[in-house]
Amino acid sequence: MNYRYWLFSILVFLLIAFYIFISFYNDEKNNVIENSYRLQSIHAHQTSLSFQEMFEGWKSILNYLAADEDIIKMNELGKEELRFLYKNLRNELKSITRVGPDGKISFTVPYEEAIGIDISSQEHIKEIFNNKKTVISDVFLTVQSFYAIGIHVPVFRRNKFDGTIAFVLNFEKIAENFVRDLRIGKSGYVLLISRNGTELYCPQRKHIGNNIQKRIHDDPDFEAMIKKMLSGKQGTAVFFYDHATESYRKMHAFYMPIYLDGIYWSVAVITSEDELIAGLSNFRNKLMILIGIIFLGAVLLSYYAFKAWGLVKETKERKKVEAKFRALLSNSNDIFMLVDSSGFILYVSPAIEMLTGFGEIDIKDKPIDKFIHSDDLEEVMKVWKKLLNDENNIFRVEFRALKKDGDYMWLEAVGRNFLSDKHLNAVVVNIRDITQRRIKDEEIRQKNEEITRFIYIVSHDLKSPIITIRSFVDYMKENLKKNDFQRLSDDLIYIEKASEKMSCLIDDLTELSRLGRVSYKTEELILQEVINEALDILAGLIKDKNIDIKVTERPVLIYGARDKLIEVFQNLLENAIKFTSDCEHPHIEIGIEESDEIIIYINDNGIGIEPEYQNRLFGLFEKLHNDYEGTGLGLTIVKKIIEIHGGRIWIESEGLNKGTTVFFTLPRTKIRG
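Let me sum up the structure you'll find in this document. In this text, all values refer to a predicted model and were calculated from it rather than measured experimentally.

**Digging into the overall build of the protein chain**
When its secondary structure is counted, the protein chain shows 18 helices and 24 strands. Here the protein chain holds 673 residues, and the buried ones make up 46% of them. Of the roughly 36,400 Å² of accessible surface on the protein chain, a fraction of 51% belongs to carbon and sulfur atoms.

In structure tokens, the structure reads:
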């Protein structure tokens, strides 16, 4: 009886131990699966941000093209621009297309045979023609018979809608680049579908481009997840149909929408349960065998051993998952950051040290405003407040951030509020270095100011001869009435001079505009031969002015376009002759100086230039002496030619009546012999 009681007690004890073991195992299993959902969520959100940022980039380029006058008119320059752009982006684009206001393709590259085809029946074309706003299409069949995604931006000519400019994207290539390596475990994969169910990415390549609703088979849980994805919902799912291998096993997934300007795609990060709990299952089986062998007295010990080993195993698995996650982030040049609702940094990726010099320990648990330039802080805080109150939109801001060495760099932050997401409970921020882009933007701004100034000066200088012509035309009318033919003749002389001035001005402007846009044949030239050709052109002027000109006899070789370099010497010599003609003994010397490089100079003993005016002489229409002939563009053209050749040019003079020396350099200049 006692034996039976003892045996019964042991059996009860074993059952209790077994129950505790199973409960513990299930808890740990659920923790592993929950952690996998968190990691899947991070992958999915990172994919979402990457796609949204990519499409913002495409839109920025298209908006720039839509404002380009050559693209609007679709002239030859515009076509060449699109061909050049496609050549550089052909790995990511299927084509670049300009659609006219009639819905027909006015130009496309590389499928130029499609020009003239009417595509106004396509849904996204109808949409942009109706609302005149940027449209990102769903997957559609192009007129060239391949499936693609189009981004269309409206084009306006004189504030009137004039069709669209579009990128047709190689969606399969783009999707593969973004999501191919975002997976958990060997069996894990990413499924990316459009809102109409087209598979944009799947490891099973034969699925790509097909509608996933036709491949659901008989798994209602998988079908339910697909329906939620197509309706733009976010969540987790458990199902038994492995879509990638077309087999059946238990799968876990996290899915969410990717919003792209009026449409959305949906991404799911999927992993098999077998792989998620593989380590935990192996350990469970071994421990069950151990419990059976040890039997009575070892039951309690086995339980604690299991618990201890289970914790060790779980710690290792978590470290492995964390190591994979960190490896993924460490390979990115962008900074990935998690920030709490108070603005304190919870996590920052290793890229922070490469970009700013600060280590993770310097940044973590610090407020974000500590690293933002004071001039940009107010704008960043405005965006931050909006972000905290809006979970549906992505917010973007540019600011200067402090580096460890005390300098500042320009960064662009793209963030989204996931504070209500139980897996993240943070604001997710992607940060990118845009210092070089800001430098380029500043260069473009300066170029635009230069163009504006150019247009103003040109219009001003062209008006002068036009006003002269108009005035003397009025005088001619009066003199005709009076039959005063002598004054009529004088009026015609003034009109002729004004028209000649306008003609010279237009010729110089045409020459200036062509420089840098037209290629010239370059070759090795003998300096003296180039100078002599320029002197031959000016021979009559030199003889009339009785000017003594001395040319260096050093055997110098220069490299460049013969006609353009002759033009340089002709312009510089003509200026030297012009401003020495009033001297008693006019003299011009052409020579070289040797230092770190060979410098060519033209020196005269003419009227000289005051120091404060020397830097202005290369500007548009800059004339210090209006009583001398010229359009004011000669030195501007010379400077442009020298810079196209890769050289530099400057002027030195000790002041009025002390002569002037023009110095310039040309790469590859050398002494022969």
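**Regarding the sheet that holds strand E20 (residues 587-594)**
Pairing is mixed across the open sheet formed by five strands, whose spatial order is E18-E20-E21-E23-E22. Strand pairing shows two members of the sheet lacking a second neighbour, strand E18 (548-551) and strand E22 (649-652), which therefore form its edges. Neighbour-to-neighbour, the strand axes of this sheet turn through a mean angle of 20°, independent of strand direction. In terms of strand pairing, E20 meets strand E21 (residues 598-604) through seven bridges, oriented antiparallel. Bridge pairing links Glu 594 to Ile 598 in E21. Those strands touched by helix H15 (residues 527-537) are E18, E20 and E21, and its axis lies near 160° from that of E18.

**Overview of the sheet that holds strand E8 (residues 199-201)**
Overall, antiparallel pairing links the five strands, which are arranged E8-E7-E11-E10-E9 in an open sheet. Sheet topology places E8 and strand E9 (235-242) at the edges, where each strand pairs with a single neighbour. Taken pair by pair, the neighbouring strands of this sheet meet at an average axis angle of 35°, ignoring direction. Relative to strand E10 (residues 247-260), E9 runs antiparallel, the two sharing seven bridges. Each bridged residue has a counterpart across the sheet, and for Gly 235 the counterpart in E10 is Tyr 255. Relative to E9, helix H6 (residues 220-230) is tilted by about 135°, and along the sheet it contacts strand E7 (189-194), E9, E10 and strand E11 (263-272).

**Overview of helix H3 (residues 76-89)**
Between its terminal C-alpha atoms H3 stretches 20 Å, which fits the 20 Å expected from 14 residues at 1.5 Å a residue. Within the span of H3, buried status applies to Gly 78, Leu 82, Leu 85, Tyr 86 and Leu 89. The buried side chains of H3 occupy one side of the element, clustering within an arc of 100° when seen end-on. H3 presents Glu 76, Phe 84, Lys 87 and Asn 88 as exposed residues on the side facing more than 90 degrees away from its buried surface.

**Concerning the pattern of salt bridges**
Summed over the entire model, instances satisfying the criterion amount to 26 salt bridges. Glu 76 serves as the salt-bridge partner of Lys 79, at 3.8 Å between the closest nitrogen and oxygen. Pair noted here: Lys 79 and Glu 76 are both in helix H3, with a separation of three residues, about one helical turn. Take Glu 76: its relative accessible area is 52%, and that puts it in the exposed class. Three or more residues are tied together by salt bridges with common partners; here these are Arg 396, Glu 398, Glu 412, Arg 437 and Arg 438.

**Description of the packing of aromatic side chains**
Here the structure, examined in full by the defined rule, presents 13 aromatic pairs. The interplanar angle of 70° and the centroid separation of 5.6 Å between the aromatic rings of Phe 569 and Phe 664 together place this pair among those described as edge-to-face. Of the two residues, Phe 569 is situated in helix H17 (residues 562-580) and Phe 664 in strand E23 (residues 660-664); the sequence distance between them amounts to 95 residues. Assigned by exposure class, Phe 569 and Phe 664 land together as buried. Between Trp 650 and Phe 663 the ring centres are 5.5 Å apart and the planes differ by 15°, which places this aromatic pair in the stacked class. On the criterion of sequence distance, the pair formed by Trp 650 in strand E22 and Phe 663 in strand E23 is long-range, its members being 13 residues apart. With relative accessibility at 22%, the residue Trp 650 sits in the partly exposed group. Taken together, Phe 222, Phe 239, Tyr 241 and Tyr 248 form an aromatic cluster joined through their ring pairs. A cation over a ring is seen here: Lys 132 above Phe 161, with NZ or CZ 5.0 Å from the ring centre. Sitting over the face of the ring of Trp 410, Arg 438 holds its NZ or CZ atom 3.6 Å from the ring centroid.

**Considerations on the packing of H15 against H17**
Axis separation between H15 and H17 bottoms out at 9 Å; the angle between their running directions is 55°. Between H15 and H17, the interaxial angle falls into the category oblique. For the element pair H15 and H17, the recorded crossing hand is right-handed. Contacts from Leu 527, Glu 529, Val 530, Ile 531, Glu 533, Ala 534, Leu 535 and Ile 537 of H15 reach H17 at Arg 562, Leu 565, Ile 566, Phe 569, Gln 570 and Leu 573.

**Section: empty space enclosed by the protein**
Within this structure, the stated rule accounts for four cavities of 30 Å³ or more. Here the largest cavity is characterised by a volume of approximately 350 Å³. If you go around the largest cavity, you meet 26 residues; those closest to its centre are Met 337, Ile 368, Phe 399, Ala 413 and Ile 431. At the level of secondary structure, the elements contributing two or more residues to the lining of the largest cavity comprise strand E12 (335-339), helix H10 (351-356), helix H12 (374-388), strand E14 (395-402), strand E15 (408-418) and strand E16 (426-433). Ranked by residues supplied to the lining of the largest cavity, first place goes to E14 with five residues.

**Section: the environment of Asp 390**
Mapped onto the elements of the fold, Asp 390 is located in the loop between H12 and E14. For Asp 390 and Asn 417, which are 27 residues apart along the polypeptide, the C-alpha to C-alpha distance reads 6.9 Å. When near neighbours in sequence (up to four residues on either side) are disregarded, Asp 390 contacts Phe 395 and Asn 417. From its side chain, Asp 390 meets the backbone nitrogen of Asn 392 in a polar contact 2.8 Å long.

**Quick word on the nonpolar core**
Ile 165 and Trp 265 are the most contacted members of the largest nonpolar core, which totals 44 residues. Per-element tally for this core: the top contributor is helix H1 (residues 2-66), with eight residues. Residue contributions to this core reach at least three from each of two domains, namely domain 1 (31-170) and domain 2 (173-278). Residues within four places of Ile 165 in sequence aside, it is in contact with Leu 62, Leu 65, Ala 66, Ile 71, Leu 82, Ile 96, Thr 97, Arg 98, Ile 151, His 152, Val 153 and Val 155. Of all hydrophobic cores here, the second largest spans 36 residues; its members include Ile 547, Ile 577, Ile 600 and Val 638.

About the thresholds
- Residues numbered from 1 in each chain as written.
- Predicted model: local features only at pLDDT ≥ 70, side-chain atom pairs only at ≥ 80, totals over all residues.
- Heavy atoms only, no water.
- Helix = DSSP H or I, 4+ residues; strand = E, 2+ residues; numbered from the N terminus.
- Buried < 20%, exposed > 50% of the residue type's maximum accessible area, 1.4 Å probe, protein only.
- Areas by Shrake-Rupley, 256 points an atom, 1.4 Å probe, with all protein chains shown as cover.
- Pairing = 2+ DSSP bridges.
- Axes fitted to C-alpha atoms, helices over the stretch in contact; angles between N-to-C directions.
- Contact = heavy atoms within 4.5 Å.
- Expected span 1.5 Å × (residues − 1).
- Arc of directions from axis to C-beta.
- Salt bridge = Lys/Arg side-chain N within 4 Å of Asp/Glu carboxyl O.
- Phe/Tyr/Trp six-rings, centres within 6.5 Å; stacked < 30°, edge-to-face > 60°.
- Lys NZ or Arg CZ within 6 Å of the ring centre and 35° of its normal.
- Parallel < 35°, antiparallel > 145°, perpendicular 65-115°, else oblique.
- Left-handed = near helix turned anticlockwise from the far one by under 90°.
- 1 Å grid on protein atoms, 1.4 Å probe; cavity = no way out; pocket = protein on both sides within 12 Å on 5 of 7 lines; lining within 4 Å.
- Points joined across faces, edges and corners; volume = space filled by probe spheres on them.
- Polar contact = N/O pair within 3.5 Å; in protein donor to acceptor, adjacent residues only side chain to side chain.
- Core = buried A, V, L, I, M, F, W, Y, C linked by side-chain atoms within 4.5 Å.
- Domains from an automatic or database assignment.

Function cannot be inferred from these measures alone, as they are strictly geometric.
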